[in-house]
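# Results of the structural survey
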Amino acid sequence: MSTIGLIALDLTIALLVAAAWLGAGITAATGRGGTAKALTAGAVAVTLARVVVVVLLAGRGWWFVQDKVTFALPLLGLAAAVAVGVLVWRGVSAATVPLLGAGFTATTVLILPFFSGYPMRVSQALISISLIGAATLVAWRVTSPTPVRVRVGRFLAPVAAVGLAGVALGLVPAQNLAQQAGAQPAGSGEQHHHPIGTSLETVPAPGGQVRRFELEARRASVTLASGTTTEAWTYNGSAPGPEIMATEGDLLEVTLTNVDIESGVTLHWHGYDVPNPEDGAPGLTQEAVKPGGRHVYRFLADQVGTYWYHTHQVSAEGVRKGLFGTLVVKPRSAPPPEGLDLTLPVHTFDGIVALGSHDGVTQKTVPPGSPVRLRVINTDSTPHRISLAGTALRVVAVDGNDLNEPGEVSGVALRLAAGGRYDLALRMPGSGGVALLVDDDPARAALRLADGGVADTSAWPELDLLSYGSPSATPFGLGSKFDRDFTMVLDRGLAMVDGRPMYAHTVNGLGHPSVPTQRVREGDLVRFTVVNRGLDTHPWHLHGHRVLVLSKDGRDVSGSPLWLDTFDVRPGEVWRVAFRANNPGVWMNHCHNLDHADQGMALHLSYDG
Ligand code: C2O
Ligand code: CU
């Protein structure tokens, strides 16, 4: 069973456990002794079943069960033992309050994971115990004759004290935890490696030229191919913004101005390992460009492939509304073959999925036999399924990085992570319909290269990139010795985000900017273990570096080496990736579901010195 399957099973059983213990308590309180006994037996059975499931889940990684093994199950076991003990030795009516207590415990540990992340903290344990205690005291008072009621009050003070201690502990700022981990919280007097706003590169490589672009951020109405008009935030009045194209070795010089985007804009070169000052991360590598402002980005186009740019200031809203465009750099020595070479950013404008600005079906005529390269980019915050009907394809590059010996495949769909890119290559067949479909919908955001019926792709399996292509040498791998090893456990829970308490998307139980900064030294070999303990997908994205995938859910990469800048960590998944720290600076490291990043799921990676 998959890890997320076990997580779902555990939740279902936890629900039954709570219902059974509460039911036993309520029936005991209302004098239905027989039913109470039967329900208690059932409660014991499902509680034991839950223990079994948690043991199985523990096999998938300690992260998934830490709260259950150290807190939830021991506490539940204790409450259950007391309830059963009293029931056996003193009878059903005496067991009413202990049975209800077990019910409250089971309910609390059912709800708790939705509010606490990994690792579960002592403060959360104390608050939970206090809440269970308070509920049990109320039940005791309500169900007891008058003389007993008086005694109940005596327990109130200790129960309250436990709760208050928990709250107080919870308010201790995250800095303490950060110091324990040998890390430092973000924004605490970090040294910027380069002064803000200084460009490093000034000349193209030999043979290259300077390519200048002017991007003006402004509001505009944008009309999609179907005629639908949407109020967008644009670069140069169009969404997507202008295509930026260069040849390897060119120097890109992009001047950004802002007309009327009040919240400010920047340009972040997604997947491009630019020098840190050019990275467009507001508050980190530059200040956001406000209306009337201007900023020049300059960097060498030394990375070949398909990339994109987008604003990084209030990025969830800005990118959604259209502040993005494509960046394609072609090789200088081996120019791609003649034929069709299309860049296709998939974007959802006001609920309408489009390829570029084309919603609906786009038709292109391609002569049989000619080569086609489709550069598909996911500029949304959620994944898309891409399929090519009518002919075989090769995935020649992922996130701008060429794959080794990518074989022809057909009848498979490709899951494209938010922020990710696939370069698909094909040769036009002599006959039959050929179409690129987004999310298996032949009518929406589809590209047709030849007329004819298009297969239904909805049942096609997903191509497994971990086993696609053939292995080749990599500068480091699974067995390397890593200088730094960071684990990021992704979850939801209550946490402070930008100074406000929030139902956040958390990294190791914390929200931005409290998540400790990851510190590295130049030259370090760094490993990330990224664990998704929650129920949402998290496309993880580190700025300034591409990472080599080592394994997913304990399964090593057996195909082509897979270098990515955005990898989709689905619920229950555990990814191990590695990279060489060779691009000094302070970098964002965040979920590319930009709403999640907004709600806390972001941190910094910073070079010492
Ligand atoms: Cu494409 Cu920090 O993002
Ligand atoms: Cu996320």
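Residues numbered from 1 in each chain as written. Chains lettered and ligands numbered in written order. Predicted model: local features only at pLDDT ≥ 70, side-chain atom pairs only at ≥ 80, totals over all residues. Heavy atoms only, no water.

## Side note on a nonpolar patch on the surface
Residues Ile111, Phe114, Phe115, Leu494, Tyr503 and Leu535 make up a contiguous nonpolar surface patch of about 540 Å² in total accessible area. As for its placement among the helices and strands, Ile111 is situated in helix H4 (residues 96-111). Take Ile111: its relative accessible area is 40%, and that puts it in the partly exposed class. (Patch = residues over 30% accessible without salt bridge, like charges linked within 9 Å, V, L, I, M, F, W, Y side chains within 5 Å. Areas by Shrake-Rupley, 256 points an atom, 1.4 Å probe, with all protein chains shown as cover. Salt bridge = Lys/Arg side-chain N within 4 Å of Asp/Glu carboxyl O. Helix = DSSP H or I, 4+ residues; strand = E, 2+ residues; numbered from the N terminus. Buried < 20%, exposed > 50% of the residue type's maximum accessible area, 1.4 Å probe, protein only.)

## Some remarks on the coordination of the copper ion (ligand 2)
For the copper ion (ligand 2), every protein donor is listed as His538 (ND1), Cys591 (SG) and His596 (ND1), and the spread of their distances is 2.0 to 2.1 Å. Sequence spacing of the donor residues for the copper ion (ligand 2), all on one chain, is H-x52-C-x4-H. Each member of the pair, Cys591 as well as His596, is classed as buried. (Donors = N, O, S within 2.8 Å, 3.2 Å for Na, K, Ca; no water.)

## Thoughts on the pairing of strand S20 (residues 446-450)
In terms of burial, S20 is largely enclosed, as 5 of its 5 residues are buried. Bridge count for strand S12 (residues 361-363) against S20 is 3 bridges, and the pairing is parallel. By the bridge assignment for S20, Thr362 is matched with Leu447. With 3 bridges connecting them, strand S19 (residues 434-438) and S20 associate as antiparallel partners. The partner of Leu436 across the bridge, within S20, is Leu447. (Pairing = 2+ DSSP bridges.)

## Some details on the sheet that holds strand S10 (residues 340-349)
Within the open sheet, the 6 strands sit side by side as S11-S10-S13-S18-S15-S16. Their pairing is mixed. Strands with a single pairing partner mark the edges of an open sheet, and in this sheet they are strand S11 (352-355) and strand S16 (401-402).

## Notes on the pattern of salt bridges
A full pass over the atoms with the stated rule returns 29 salt bridges. Residues Lys321 and Glu317 are paired through a salt bridge, measuring 2.9 Å at the closest nitrogen-oxygen approach. Judged by relative accessible area, which is 32%, Glu317 ranks as partly exposed. A salt bridge links Glu573 to Lys552; the shortest N-O distance between them is 3.6 Å. Placement of Glu573 in the loop between strand S29 (566-569) and strand S30 (574-580) and of Lys552 in strand S26 (residues 547-552) is noted, with a sequence separation of 21 residues between them. For the pair Glu573 and Lys552, one class covers both residues: buried. Members of the salt-bridge network, linked through shared partners, are Asp10, Arg50, Asp67, Lys68, Asp491 and Arg533.

## Some words on the domain arrangement of the protein
Often the size quoted for an interface is simply the accessible area lost on bringing the parts together. For the protein, the assigned domains are domain 1 (3-174), domain 2 (179-194 + 473-607), domain 3 (205-334) and domain 4 (339-399 + 422-463). Each of domain 2 and domain 4 has a C-alpha centre, and these two points are 31 Å apart. Contact with domain 2, which involves 12 residues of that partner, is made by 6 residues of domain 4. Roughly 590 Å² of surface becomes buried between domain 2 and domain 4 when both sides are summed, with 36% attributable to carbon and sulfur atoms. Looking only at domain 2, the three residues that lose the most surface to domain 4 are Asp565, Arg570 and Asn593, adding up to 39% of its buried area. Between the two partners, domain 2 and domain 4, sit 1 salt bridge. One salt bridge connects Glu462 with Arg570, and the closest N-O pair in it is separated by 2.7 Å. Remark: the boundary between domain 2 and domain 4 carries 5 residue pairs in polar contact (both at pLDDT 80 or more). Of the residues that constitute the side of domain 2 that touches domain 4, the class distribution is 5 nonpolar, 3 polar and 4 charged. (Domains from an automatic or database assignment. Contact = heavy atoms within 4.5 Å. Buried area = accessible area lost by both parts, 1.4 Å probe. Polar contact = N/O pair within 3.5 Å; in protein donor to acceptor, adjacent residues only side chain to side chain. Nonpolar A, V, L, I, M, F, W, Y, C, P; charged D, E, K, R; others polar.)

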